[in-house]
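Structural overview
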Amino acid sequence: MIQNLDVAPDGSSIIYPKYGYGENQSLQFDIWKFDLKKNKKLKLTTSRRANYPKFSPDSKTICFVAHSKSTTQLYTMDVDGNDIKQITKNIGDVQIITPSWSPDGKSIAFAQSDESGHMNIYIFNLVERSLKKLTDSPEADYLPIWIPDGKTLFFTGLYDYTPNLYNLNLKTGKIV
């Protein structure tokens, strides 16, 4: 198990990626859920190379990242691992990490690198089914965190090779 686990906002369960054997006995991550009330675990994905699970604010949906060859996609599923839906439509050598739900559950912010290797912050609007790039830097931006009012994102930027915390006003686009 690695440290990018998440606790349901309603306190009912924990989700986490766990390394194990998939199809053809290859080692890979899949998403597991531990139900705190029933004291039981459940494997939610199989052979997806899945990671970075996050509960929605209402604890009913999970977003996660999964790989097919060198292309990463963002997915959602219900809390029992059913109804898996691919959200992004990436092609090529694209990597996604550190997704984060908006407080209203209508958007997911995440870090994505394209084939150039530049990692920037994006938001996928689940209602409009639209993707928006928020930062544009040759240095890495990752780990977006929403402010509870949903109007600002904090993220880690590696400008001048030093990690620092930045905030991004979603209305104006101003980064501080």
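A brief structural summary. (Residues numbered from 1 in each chain as written. Predicted model: local features only at pLDDT ≥ 70, side-chain atom pairs only at ≥ 80, totals over all residues. Heavy atoms only, no water.)

All right, on to the sheet that holds strand S9 (residues 95–101) then. The 4 strands are arranged S9-S10-S11-S12 in an open sheet whose pairing can be described as antiparallel. Each edge of the sheet is formed by a strand with only one pairing partner; in this case those strands are S9 and strand S12 (130–133). Each adjacent strand pair in this sheet contributes to an overall mean axis angle of 25°, direction not counted. (Pairing = 2+ DSSP bridges. Helix = DSSP H or I, 4+ residues; strand = E, 2+ residues; numbered from the N terminus. Axes fitted to C-alpha atoms, helices over the stretch in contact; angles between N-to-C directions.)

Of all hydrophobic cores here, the largest spans 13 residues; its most connected members are Ile 121, Ile 123, Leu 134, Leu 153 and Phe 155. Elements with a minimum of two residues in this core: strand S10 (107–113), strand S11 (119–125), strand S14 (152–157) and strand S15 (164–169). Element by element, the count of residues in this core is highest for S11, at 3 residues. Not counting chain neighbours up to four residues away, the residues in contact with Phe 155 comprise Ile 121, Thr 135, Asp 141, Tyr 142, Leu 143, Pro 144, Asn 164, Leu 165, Tyr 166, Leu 168 and Ile 175. (Core = buried A, V, L, I, M, F, W, Y, C linked by side-chain atoms within 4.5 Å. Buried < 20%, exposed > 50% of the residue type's maximum accessible area, 1.4 Å probe, protein only. Contact = heavy atoms within 4.5 Å.)

Glancing now at the environment of Ile 31. Inspection of the secondary structure assignment puts Ile 31 in strand S3 (residues 27–35). Under the relative-accessibility criterion, Ile 31 is labelled buried at 0%. For Ile 31 and Leu 5, which are 26 residues apart along the polypeptide, the C-alpha to C-alpha distance reads 9.5 Å. Those residues in contact with Ile 31 that sit more than four places away from it in its chain are Tyr 16, Pro 17, Leu 42, Lys 43, Leu 44, Thr 45, Ala 50, Asn 51, Pro 53, Phe 64 and Met 77.

Once that is clear, we can look at the environment of Thr 88. In this fold, Thr 88 is placed in the loop between strand S8 (85–86) and S9. Separated by 42 residues in sequence, Thr 88 and Thr 46 have C-alpha atoms that sit 19 Å apart. Here Thr 88 is in contact with Thr 72, Gln 73, Leu 74, Ile 96 and Phe 110, once residues within four sequence places are set aside. Separated by 2.9 Å, the side chain of Thr 88 and the backbone nitrogen of Leu 74 make a polar contact. (Polar contact = N/O pair within 3.5 Å; in protein donor to acceptor, adjacent residues only side chain to side chain.)

Attention now goes to the pairing of S14. Of all the 6 residues making up S14, 5 are buried; the element is thus mostly covered by neighbouring parts of the structure. For S14 and S15, the ladder comprises 6 bridges, and the chain directions are antiparallel. Of the residues in S15, the one forming a bridge with Gly 157 is Asn 164. Turn length for the S14-S15 hairpin, with the two strands adjacent in sequence and antiparallel, is 6 residues, and the turn residue Asp 160 shows positive phi of about 55°.

Looking now at the pattern of salt bridges. With the rule as written, the count across this model stands at 3 salt bridges. Measuring nitrogen to oxygen at the nearest pair gives 3.5 Å for the salt bridge that ties Asp 83 to Lys 85. Salt-bridge contacts for Asp 136 lead to Lys 133; the nearest nitrogen and oxygen are separated by 3.2 Å. Accessibility expressed as a relative area gives 66% for Asp 136, which makes it exposed. (Salt bridge = Lys/Arg side-chain N within 4 Å of Asp/Glu carboxyl O.)

Moving on to the sheet that holds strand S1 (residues 6–7). The 4 strands are arranged S1-S2-S3-S4 in an open sheet whose pairing can be described as antiparallel. The open sheet has two edge strands with one neighbour each: S1 and strand S4 (40–43). Bridging between strand S2 (residues 13–21) and S3 involves 9 bridges; their strand directions are antiparallel. Paired with Tyr 21 across the bridge in S3 is Leu 27.

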